[in-house]
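Remarks on the overall topology
Each chain, letter by letter, is given below.
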Amino acid sequence: MKTAILILSLFIYCCNSHAVKINFSATLISINCVINNDKPADVDFGDAVGVNHIDGVRYQQRVPISIVCRTPPGKQLELAFLGITSNFDASALFTGIDDLGIRIMQNNQPIIINQRFTLDDVTQPIFYAVPIKRAGSALKSGRFKALATLVIKYE
């Protein structure tokens, strides 16, 4: 142990060293976005969702969300729906009922939960939610609930 320390000390003092100054700079900006007027969005599928009729199309509901942002020109906003995913589909939220999930869609495409995607700043995004079930499963009756948080990130 003493030998290793001595060798290291000799190495440090015997060699030439050079230093370079590094400057760091940036501009802080603020994202000025308001999602849904800072109010929660609720999607109610009603009291008559048939366990034998869930097919990923039937019962589809529009998610009532508005996004208003003021961003500097040329910058992109990224969104993500954060939540607990079902155990059978990465684009479906956990509902508390085995083999049942809530899928979020945009432009007829599933959105992967907890994964960012780019916001088209020209048009207001329209999202839909639809109950889905694991293929081949038989669902049990019961109330269900799914939660997600929509976040915006500036890139």
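Let us now look at the environment of aspartate 44. With respect to the helices, strands and loops of the structure, aspartate 44 is situated in the loop between strand E1 (32-35) and strand E2 (61-63). Of the residues examined, aspartate 44 reaches a relative accessible area of 62% and is grouped as exposed. The spatial distance from the C-alpha of aspartate 44 to the C-alpha of lysine 145 is 9.6 Å, given a sequence separation of 101 residues. Polar contacts involving the side chain of aspartate 44 include one to the main-chain amide nitrogen of glycine 46, which spans 2.8 Å.

To continue, consider the sheet that holds strand E4 (residues 77-82). Spatial ordering of the open sheet is given by E8-E4-E10, a layout of three strands whose pairing is antiparallel. A single partner strand is all that each edge strand has here, and the edge strands are strand E8 (117-118) and strand E10 (149-154). When E4 meets E10, the two strands line up antiparallel, connected through six bridges. The residue bridging leucine 77 from the neighbouring strand is tyrosine 154, located in E10.

Ranked by internal contacts, the top residues of the largest apolar core, which has 24 residues, are Ile67, Leu79, Phe81, Ile104 and Phe127. Those elements giving two or more residues to this core turn out to be E4, strand E6 (100-106), strand E9 (127-133) and E10. Once you skip the residues sitting within four places of it in the chain, phenylalanine 127 turns out to touch Gln61, Arg62, Val63, Leu79, Phe81, Ile104, Met105, Gln106, Ile111 and Phe117.

With the rule as written, the count across this model stands at four salt bridges. Put simply, arginine 116 and glutamate 78 hold a salt bridge, and the shortest N to O gap is 3.3 Å. You can see arginine 116 sitting in the loop between strand E7 (109-110) and E8 and its partner glutamate 78 sitting in strand E4, a full 38 residues away along the chain. A salt bridge links arginine 134 to aspartate 99; its shortest N-O distance comes to 2.7 Å. Linking arginine 134 in the loop between E9 and E10 with aspartate 99 in the loop between strand E5 (92-94) and E6, this pair joins segments that are 35 residues apart in sequence. Of the residues examined, arginine 134 reaches a relative accessible area of 31% and is grouped as partly exposed.

Turning our eyes to something else, we now look at the environment of asparagine 114. Mapping asparagine 114 onto the fold places it in the loop between E7 and E8. Accessibility expressed as a relative area gives 42% for asparagine 114, which makes it partly exposed. Sequence separation between asparagine 114 and alanine 148 is 34 residues; the distance between their C-alpha atoms is 9.4 Å. With near-sequence residues (within four places) excluded, asparagine 114 lies in contact with Phe81, Leu82, Gly83 and Thr85. Polar side-chain contacts of asparagine 114 include one of 2.9 Å to the backbone oxygen of glycine 83.

Thresholds applied
Residues numbered from 1 in each chain as written. Predicted model: local features only at pLDDT ≥ 70, side-chain atom pairs only at ≥ 80, totals over all residues. Heavy atoms only, no water. Helix = DSSP H or I, 4+ residues; strand = E, 2+ residues; numbered from the N terminus. Buried < 20%, exposed > 50% of the residue type's maximum accessible area, 1.4 Å probe, protein only. Polar contact = N/O pair within 3.5 Å; in protein donor to acceptor, adjacent residues only side chain to side chain. Pairing = 2+ DSSP bridges. Core = buried A, V, L, I, M, F, W, Y, C linked by side-chain atoms within 4.5 Å. Contact = heavy atoms within 4.5 Å. Salt bridge = Lys/Arg side-chain N within 4 Å of Asp/Glu carboxyl O.

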